[in-house]
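In case you want the letters, here they are:
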Amino acid sequence: MAIDAPMTQLELIEWNWSRIEPCFKELASTRLSAANLPGWMQNWSRLHNLLDEVHWRLYVARTVDTTNAQAASDYTAFMDNVYPRVLNASQKLKLKLLVSGLALPGLEVPLRNIRCEAELYRESNLALISKLYRLAAEYDKIIGAQSVHWEGEEVALTQLFPAFQALDRGKRERAWRLAAQRQLAERETINRLWVRYMGIRERVAANADLPNYRAYRWQRLLRFDYTPRDCYRFHKAIEEVVVPAATRLYAKRRKQLGIPTVRPWDVDVDPLGRPPLRPFETTQELEGITGVIFERIDPHLGRYFQTMRREGLLDLESRKGKAPGGYCTEFRVNQVPFIFMNATNTHDDVQSLLHEGGHAFHVFETRHLPYHLQYIIPLEFMEVASIAMEYLGSAYLRADEGGFYSPRDAARARIRVLEQTILFWPYMAVVDAFQHWAYENHQQASNPANCDATWSRLWKRFMPGEDWRGLEQEACTGWQRKMHIHQDPFYFVEYGLAQLAGIQILRAARQDHGKAIRAYRQALSLGGTRTLPQLYAAAGARLAFDARTLKEAVDFIENTIQQLEAI
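Keep in mind it's a predicted model, so treat the numbers as computed, not measured. (Residues numbered from 1 in each chain as written. Predicted model: local features only at pLDDT ≥ 70, side-chain atom pairs only at ≥ 80, totals over all residues. Heavy atoms only, no water.)

## A closer look at the pattern of salt bridges
In a structure, side chains of opposite charge can pair up when their charged atoms sit close to one another.
Thinking step 1. All chains considered together, the criterion is met by 40 salt bridges.
Thinking step 2. Close ionic contact of Arg-134 with Asp-80 constitutes a salt bridge, the shortest N to O distance being 2.3 Å. You can see Arg-134 sitting in helix H7 (residues 126-144) and its partner Asp-80 sitting in helix H4 (residues 69-81), a full 54 residues away along the chain.
Thinking step 3. Arg-134 sits in the partly exposed class, given a relative accessible area of 28%.
Thinking step 4. Residue Asp-80 is classed as partly exposed on the basis of its relative accessible area of 30%.
Thinking step 5. Asp-467 serves as the salt-bridge partner of Arg-263, at 3.4 Å between the closest nitrogen and oxygen. Here Arg-263 is found in the loop between helix H12 (228-257) and helix H13 (283-297), whereas its partner Asp-467 is found in the loop between helix H19 (448-462) and helix H20 (472-476), with 204 residues between them in sequence.
Thinking step 6. Its relative accessible area of 9% is what places Asp-467 among the buried residues.
Thinking step 7. When salt bridges with common partners are traced through the structure, they connect Asp-270, Arg-274, Asp-409 and Arg-412 into a single cluster. (Salt bridge = Lys/Arg side-chain N within 4 Å of Asp/Glu carboxyl O. Helix = DSSP H or I, 4+ residues; strand = E, 2+ residues; numbered from the N terminus. Buried < 20%, exposed > 50% of the residue type's maximum accessible area, 1.4 Å probe, protein only.)

## Looking at the packing of aromatic side chains
Thinking step 1. Inspection of the entire model under this criterion finds 39 aromatic pairs.
Thinking step 2. In this structure, Arg-223 packs its charged tip against the face of Trp-218, placed 4.4 Å from the ring centre. (Phe/Tyr/Trp six-rings, centres within 6.5 Å; stacked < 30°, edge-to-face > 60°. Lys NZ or Arg CZ within 6 Å of the ring centre and 35° of its normal.)

## Focus: the packing of H13 against helix H16 (residues 379-393)
Thinking step 1. Relative to each other, H13 and H16 sit at 95 degrees, their axes nearing to 10 Å. Judged on the interaxial angle alone, H16 and H13 are roughly perpendicular. Of the residues in H16, those touching H13 at Ile-293, Phe-294 and Ile-297 are Met-389, Leu-392 and Gly-393.
Thinking step 2. Of the residues assigned to the contact of H13 with H16, the class counts are 5 nonpolar, 1 polar and no charged. (Axes fitted to C-alpha atoms, helices over the stretch in contact; angles between N-to-C directions. Parallel < 35°, antiparallel > 145°, perpendicular 65-115°, else oblique. Contact = heavy atoms within 4.5 Å. Nonpolar A, V, L, I, M, F, W, Y, C, P; charged D, E, K, R; others polar.)

## Points about unusual backbone geometry
Thinking step 1. One non-glycine residue with positive phi stands out, namely Leu-222, at about 55 degrees.
Thinking step 2. Following the sequence through the fold, Leu-222 ends up in the loop between helix H11 (213-220) and H12.
Thinking step 3. Judged by relative accessible area, which is 14%, Leu-222 ranks as buried.
Thinking step 4. Backbone geometry at Phe-490 places phi at a positive 70 degrees, although glycine is not the residue there.
Thinking step 5. By secondary structure assignment, the location of Phe-490 is in the loop between helix H21 (483-487) and helix H22 (493-511).

## Thoughts on the sheet that holds strand E5 (residues 336-343)
Thinking step 1. Here we have 3 strands laid out as an open sheet, ordered E3-E5-E4, and mixed in their pairing. Taken across any chain shown, the strands that pair with only one partner, and hence form the sheet edges, are strand E3 (314-317) and strand E4 (327-331). Neighbour to neighbour, the strand axes of the sheet diverge by 15 degrees on average, direction disregarded.
Thinking step 2. Relative to E5, E3 runs parallel, the two sharing 3 bridges. Bridged to Leu-314 within E5 is Ile-339.
Thinking step 3. Against the sheet, helix H3 (residues 37-64) engages E3, E4 and E5, with an angle of about 145 degrees to E4. (Pairing = 2+ DSSP bridges.)

## Quick word on helix H14 (residues 299-310)
Thinking step 1. Under the 1.5 Å per step criterion, the end-to-end length of H14 is 16 Å for 12 residues, consistent within 8% with the ideal 16 Å.
Thinking step 2. Listed as buried for H14 are Leu-301, Gly-302, Tyr-304, Phe-305, Thr-307 and Met-308.
Thinking step 3. Taken together, the buried residues of H14 touch H13, E3, E5, helix H15 (347-365), H16 and helix H23 (513-525).
Thinking step 4. Immediately beyond the C-terminal end of H14, within one or two residues, lies Gly-312, with a positive phi of roughly 65 degrees. (Expected span 1.5 Å × (residues − 1).)

Dropping the structure here:
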């Protein structure tokens, strides 16, 4: 068949649809039987992996330099001219497989997934989905272009983060206000972009015969094992258990800093007046020491990371024109991951690399799976892979054990990680609750002024420990600066659920490190061949939304912090 011809993803980038289409047609024309199904699935998987790698290589090229007009044009051309046709042709193959009634071992859950995707599919949505990808690129360009003049130099906003850790409170405030002023300058631009997002998303849901875009995304994200009602229960549990714990942390910080209230520029500085942790000078040093940490956690993980270093699969430094945030993607043809970050020599960079490393290890651990349908892993478990690695890696931060810090600074960094866990849950609740409101009230949320008001209301409910008086405009526009809200709706509760699972895995590792790591790697190796609760259980955790489980996690965190503070 055509797909058997020698081909690499780089060659395929040059192909137009007229050259790709025959590959799909040959797959679609094959009469399936139990005898030829394995070979047919392998051919489909090879084609899928080639096209998927093209997509991600074009995406990477666009994000590593948002000023590269050619990279942006190539990505847009693929998303406009190829991607919708790929979705359409893939839909026909999914239906063909489902209609055949045939199955292979390890495809039970993947078949459930594609049955759901087939039900959701509408050809009328293909062009709209491409438009949403283009809007995401516009958002990246807006954020990536934000820079300010600071201390005689033009810097990206991400490069200001070290100033937020300065011991001089006045310097912190100046840096924070400078960044906020630059962000507010794009307020109307992002508002207009949001209105376009909401209009398209409303049409996507209507085309799929669903009551709202949340229902569409719930099905699109393959959320079979929990409902919006469970999310509301999680929000309530966070309000009941975590918000008081977070408020205690803010009160302790206020007392330690000797300030009347904790302002937004007071949340990143060391509360005991110690200089900011500066774990590395260069990204090469960050890579090298983090590689040692991965090796100490498990030699297999260490070897995976060395492969990434050797093959140039890391882009970690922050620079002007680079898209914001961080991510790990995969190049499935070569069966390797790629990590993108914006490091600025802070401990958060260490945690980010540990986090993205967990995602990368997921790619390595699933390389044995023969079919692309088995790579469809629930996002809620993908984040367990990454967040659990943050917690596991933080136990190896001491320089005398190959890490970054003295014993006291290592304890200080671990305290920060655990405190951030408590502080994140309420913020996650704000982001998730905002999105539930937005798509339950689509018309109301299509007015950015209503978004401002709802964000402010949720912020006051879940984040009472921070003082934003006099900063009402900065506060109410926080939803504009959360990338997930704009680019990946409803992709945020996963982090909160995964933190809860990660703490459970950390507790298991305290009792028996070897057993916990074996369970972690085994769970990763299952890919998408098990249900979400089964994947959690395989890793030694439980999918939970209740106050009792949260309370156990918060108690463990607070007790661990007390032990570390003694150091």
